[in-house]
Amino acid sequence: MDYFLELFIGGLTRGSIYALIALGYTMVYGIIELINFAHGEIYMIGAFTALIVATILTMSGMSGVSVLVLAFLVAVLYSSCYGFTVEKIAYKPLRGASRLSPLISAIGMSIFLQNYVMLAQTSDFLPFPNLLPELPFMEPYAHIMGSTEFIIVTTTAVVMILLTILIKFTKIGKAMRATAQDRNMAMLVGVNVNRVISTTFIIGSALAAVGGVLIASHIGRINFYIGFIAGIKAFTAAVLGGIGSIPGAVLGSLILGWTESFATGYVSSDYEDVFAFALLVLILIFRPSGLLGRSTTQKV
Amino acid sequence: MKRLAELRESLVIALWFMFLTFPILVIQVNTIEKTIIWRWQNLLYVGIGSFALSFVWRYFIGKAAAGGRASGERAEEKTSILQRITADSRFSRSAILLTALIALAFPFLSSTYQVNIMTTALMYVVLGLGLNIVVGQAGLLHLGYVAFYAVGAYTYALLYQHFGIGFWTALPLGALMAMVFGLLLGFPVLRLRGDYLAIVTLGFGEITRIVLENWSEFSSGPSGISEIPRPGFFNLAMDLEESTIYLYFLMVGFVLFTIFVTNRLQNSRIGRAWLALREDEVACEAMGVNKTVAKMTAFALGSTWAGMMGVVFAAKTTFVNPASFTFLESAMILSIVVLGGMGSTLGVILASFLLILLPEYLRAFSDYRMLLFGTIMVVMMIFRPQGIITNIRRTYEYHFERKQNGAPDASV
């Protein structure tokens, strides 16, 4: 039973991280119908920035929570800036181009950012300090759920609630929903669509950065390639839940997290990444619109 | 006034990029030895570079916008000059003759090393043309092309290892295996929209590599399979140099064969169906084209070529391991297609020579190779989505559109 619970919590933790990244995919897709391939790289850049900031701060004698908070803030800031810039360079000139063009541009951006980090930093794995504090009240449950896992799950839950409030109850949230529904109509009623798209990219990138810092502290090492696989998996989660749907992305991520956790726990750990893709192909065959997605008919 | 505003804008852009690249480019931490390296000079390069590039960028964006707005007369003339050169029989005949002479004489004029590089470039020509069927002609974004390449390579390697089967028998078998895999993957996903296809093929490419790495009993894992024989020629004993030259001529033959087939395909019934599919799926279906069959054919044919090249790759390097089949390889082939112009045969050939030979001869830049490929994909999509050499048929279509509301065009 303990083993089952451990796997369950492991899956929940994984799922939370996937959800943070998947939200960026799903929000961008909901608004401009583009798979933002560079999203995984934004997450990776967030983790790298946090590592750099944390190392500098630790070496200059700071410690504890202040390092964590500062590293978090800087990582979120930089990831958002990168997301914003990527959109401006690679996607904005291509609005209205054929469907294939922004996709190829997105892949190009992803390859560029990966190699930029690799050349500027290193191609080796870097150890990432565990920034998350040990919580004393989690001590008795440590064999099932460590405090790192607890922090990841709680942070994700809080971020999700904040995001829901932002989308449901604020003016920019309303504008985002309007743009997702019908971009031209939103433009006609006075929504600044370009600004909405930029905001979406910024929010998505900030979420990815949060996920990046959390998972890097949890796993303890990063390299330039982590964004690639994480990105594909988060995308799988977004498709599983129904791309474009925000609760769908969270649900899909949790299901994916559990699938991977149980499959590696009970079947084999060598094929960890294969399960996610197999799941993706299965969903696409049987329910292409995802669990919570609406199936849309293409109109002429 | 306008100049001043532009100058100010470029300055802002330069400052923005200096801010953006600051942590990654300037600071390098070593977490083990606890040292920090500050590389301030990079900040300067980024500042100057982005300041200059912003002018270039603005110029081209303005030009692209102006080109879209103008009546199109000028653009038409420009493409037709390029077309006229490629279509002029006097010019093209002498160019083909010259290329043939160079291709024939090349291995006898240069070293084995050079011939080897050229063979690699020719392999990428074939791979590019194969992917061009899928991406360029049918408009399906295929990101796992390298998986089929791997299937071909491993087919030969394993068949040789277990049954001692030679190159010439393995060649059609490898192609067949790749085709079967293509159909297996294509069957579930090709009914879906293009973006899903991209991600599923990407996933498939990664799965193939992971399986090859982990399933040691089947594929010998990461250490790979070695001592695969080079292609033979009627049991003739050849030394290394001779077999390199032989492989080179074999590749020249492959390239010619591929060019022939893709050209014939382009003008065939199925080729026109692909074109229609690429331009508008719904309209294409309405015209009675079986969408799934057309997509499957493109997918299977593209995979066949990858499989064939996989066999050649295994024979050329005499060694295969999963590390040769990463996503970067797929990305490289894709950028060849993108740079060359989707659907354009000549463009793809030129692009593969450019992208394979350039990093090979400019050794200093070989680290920046992938950076270059990524940049090419973004820049080409923004400024010249039709590639360095526009497909003739595509411009012909434009022609047709414009003549429509005027006098009826004789050529239609």
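Residues numbered from 1 in each chain as written. Chains lettered and ligands numbered in written order. Predicted model: local features only at pLDDT ≥ 70, side-chain atom pairs only at ≥ 80, totals over all residues. Heavy atoms only, no water.

Comments concerning the overall build of chain A
Tallying secondary structure elements over chain A gives 11 helices and 2 strands in all. Helices (α) and strands (β) of chain A occur, in sequence order from the N terminus, as α-α-α-α-β-α-α-α-α-β-α-α-α. Against the compact-globule benchmark of 19 Å for 300 residues, chain A has a radius of gyration of 19 Å, which places it among compact chains. Judged by the C-alpha coordinates and their principal axes, chain A covers about 60 × 45 × 40 Å. Here chain A holds 300 residues, and the buried ones make up 58% of them. Put simply, 77% of the contacts in chain A that link residues at least 6 apart link residues at least 24 apart. (Helix = DSSP H or I, 4+ residues; strand = E, 2+ residues; numbered from the N terminus. Rg over C-alpha atoms; globule rule 2.2 N^0.38 Å. Buried < 20%, exposed > 50% of the residue type's maximum accessible area, 1.4 Å probe, protein only. Contact = heavy atoms within 4.5 Å.)

Quick look at the overall build of chain B
A tally of regular secondary structure across chain B gives 17 helices and 4 strands. A total of 412 residues make up chain B; the buried ones form 47% of that total. Of the roughly 20600 Å² of accessible surface on chain B, a fraction of 67% belongs to carbon and sulfur atoms. (Areas by Shrake-Rupley, 256 points an atom, 1.4 Å probe, with all protein chains shown as cover.)

Some thoughts on the interface of chain A and chain B
Counting residues at the interface gives 61 residues for chain A, matched by 58 residues for chain B. Of the roughly 5500 Å² buried at the junction of chain A and chain B (both faces included), carbon and sulfur atoms supply 78%. Together, Tyr78(A), Ile104(A) and Ile111(A) form the three largest contributors to the area buried by chain A at its contact with chain B, with a combined 10%. Viewed at the interface, chain B and chain A are joined by 0 salt bridges. Only α2 (39–59), α3 (65–91), α4 (100–120), β1 (126–127), α9 (226–241) and α11 (272–286) of chain A provide two or more residues apiece to the side of chain A that touches chain B. Broken down by element, the residue count for the side of chain A that touches chain B peaks at 15 residues, all from α4(A). Per-class residue counts for the side of chain A that touches chain B are 48 nonpolar, 9 polar and 4 charged. (Buried area = accessible area lost by both parts, 1.4 Å probe. Salt bridge = Lys/Arg side-chain N within 4 Å of Asp/Glu carboxyl O. Nonpolar A, V, L, I, M, F, W, Y, C, P; charged D, E, K, R; others polar.)

Regarding the environment of Trp38(B)
On the secondary structure map, Trp38(B) appears in strand β2 (residues 35–38). A relative accessible area of 39% means that Trp38(B) is categorised as partly exposed. Spatially, the C-alpha atoms of Trp38(B) and Pro23(B) are 9.7 Å apart, while their sequence positions differ by 15 residues. Apart from residues no more than four positions distant in its own chain, Trp38(B) is found in contact with Ile56(A), Phe22(B), Val26(B) and Ile27(B).

What to know about the confidence of the model for chain B
All names here are of chain B. The share of residues in chain B with pLDDT of 70 or more is 87%, and the mean pLDDT across the chain is 81. Scored below 50 in pLDDT, residues 70–77 makes 3 contacts in the model with residues more than four places away or belonging to other chains. Note on residues 401–412: pLDDT under 50 across the span, and 7 contacts to partners over four residues away in sequence or across chains. (pLDDT = per-residue confidence, 0-100.)

Some words on the pairing of strand β1 (residues 27–30) of chain B
All names here are of chain B. Only one face of β1 is covered, namely the one carrying Ile 27 and Val 29; the face carrying Gln 28 and Asn 30 has none of its residues buried. As paired elements, β1 and β2 share 4 bridges and run antiparallel to each other. Within β2, the residue paired with Asn 30 across the bridge is Thr 35. Joining the antiparallel neighbours β1 and β2 is a turn of 4 residues, in which Lys 34 adopts a positive phi near 55°. (Pairing = 2+ DSSP bridges.)

Quick look at the side chain of Lys316(B)
Residue and element names in this part refer to chain B. Tracing the backbone through its elements, the reader meets Lys 316 in helix α13 (residues 291–317). One polar contact links Lys 316 to Thr 120, side chain to side chain, over a distance of 3.2 Å. Ignoring anything within four residues of it in the chain, the contact list for Lys 316 reads Asn 116, Thr 119, Thr 120, Met 123, Arg 230 and Leu 247. (Polar contact = N/O pair within 3.5 Å; in protein donor to acceptor, adjacent residues only side chain to side chain.)

Some thoughts on empty space enclosed by the protein
Using the criterion set out here, one finds 4 cavities of 30 Å³ or more in the structure. Space inside the largest cavity adds up to approximately 90 Å³. Together, 14 residues line the largest cavity, and Phe37(A), Ser110(A), Phe228(A), Ile232(A) and Leu202(B) are the ones closest to its centre. Sorting the residues of the lining of the largest cavity by element identifies α2, α4 and α9 of chain A together with α8 (194–214) of chain B as the ones contributing at least two each. (1 Å grid on protein atoms, 1.4 Å probe; cavity = no way out; pocket = protein on both sides within 12 Å on 5 of 7 lines; lining within 4 Å. Points joined across faces, edges and corners; volume = space filled by probe spheres on them.)

Some remarks on the domain arrangement of chain B
Domain boundaries in chain B define domain 1 (1–47) and domain 2 (110–402). One C-alpha centre belongs to domain 1 of chain B, the other to domain 2 of chain B; they are set 38 Å apart. (Domains from an automatic or database assignment.)

Brief notes about helix α6 (residues 171–181) of chain A
All names here are of chain A. The complete set of buried residues in α6 reads Gly 173, Ala 175, Met 176 and Thr 179. One side of α6 carries all its buried residues, which in axial view fall inside an arc of 160°. Those residues of α6 that are exposed and angled more than 90 degrees off the buried face are Lys 171, Lys 174 and Gln 181. Against α1 (2–32), α5 (147–169), α7 (183–188) and α8 (193–219) lie the buried residues of α6. (Arc of directions from axis to C-beta.)

Thoughts on the packing of α2(A) against α9(A)
All names here are of chain A. Where α2 meets α9, the axes come as close as 7 Å, and the angle between the chain directions of the two elements is 130°. Taken together, the axes of α2 and α9 are oblique relative to one another. As α2 runs across α9, the sense of the crossing is right-handed. Residues Gly 40, Glu 41, Tyr 43, Met 44 and Ala 47 of α2 pack against Ile 226, Gly 227, Phe 228, Ala 230 and Gly 231 of α9. (Axes fitted to C-alpha atoms, helices over the stretch in contact; angles between N-to-C directions. Parallel < 35°, antiparallel > 145°, perpendicular 65-115°, else oblique. Left-handed = near helix turned anticlockwise from the far one by under 90°.)

Considerations on the pattern of salt bridges
Enumeration over the complete set of coordinates arrives at 12 salt bridges over all chains. Glu260(A) serves as the salt-bridge partner of Lys233(A), at 3.4 Å between the closest nitrogen and oxygen. With Lys233(A) in helix α9 and Glu260(A) in helix α10 (residues 246–266), this pair connects stretches of sequence that are 27 residues apart. Among the ionic pairs, Glu281(B) bridges to Lys291(B), the shortest N-O distance being 3.2 Å. One end of the pair, Glu281(B), is in helix α12 (residues 281–286); the other, Lys291(B), is in helix α13, and 10 residues separate them in sequence. What makes Glu281(B) partly exposed here is its relative accessible area of 26%. Beyond isolated ion pairs, a larger network of salt bridges with shared partners links Glu281(B), Glu285(B), Lys291(B) and Lys295(B).

Points about the packing of aromatic side chains
This structure, assessed with the given rule, holds 32 aromatic pairs over all chains. Judged by centre distance (6.3 Å) and plane angle (45°), the ring pair of Tyr82(A) and Tyr116(A) falls under tilted. Residue Tyr82(A) is found in helix α3, and its partner Tyr116(A) is found in helix α4; the two are separated by 34 residues along the sequence. The class for Tyr82(A) is buried, based on a relative accessible area of 4%. Ring geometry for Phe108(B) against Phe249(B): centres 6.2 Å apart, planes inclined by 35°, an arrangement best described as tilted. Separated by 141 residues along the polypeptide, Phe108(B) in helix α4 (residues 89–109) and Phe249(B) in helix α10 (residues 240–266) bring together distant segments of the chain. On the basis of relative accessible area, Phe108(B) is assigned to the exposed category, the value being 58%. Residue classification places Phe249(B) among the partly exposed residues on the basis of a relative accessible area of 29%. Positioned above the aromatic ring of Phe125(A) is the side chain of Arg221(A), whose terminal nitrogen or guanidinium carbon lies 3.8 Å from the ring centre. When the ring centre of Phe55(B) is taken as reference, the NZ or CZ atom of Arg58(B) above it lies at 5.3 Å. (Phe/Tyr/Trp six-rings, centres within 6.5 Å; stacked < 30°, edge-to-face > 60°. Lys NZ or Arg CZ within 6 Å of the ring centre and 35° of its normal.)

Quick notes on unusual backbone geometry
Note: most residues except glycine have negative phi, and most peptide bonds are trans. One non-glycine residue, Glu33(A), adopts positive backbone phi at about 50°. Here Glu33(A) is to be found in the loop between α1 and α2. Under the relative-accessibility criterion, Glu33(A) is labelled partly exposed at 46%. At Thr318(B), a residue that is not glycine, the phi angle is positive and equals roughly 60°. Along the chain, the position of Thr318(B) falls in the loop between α13 and β4 (319–320).

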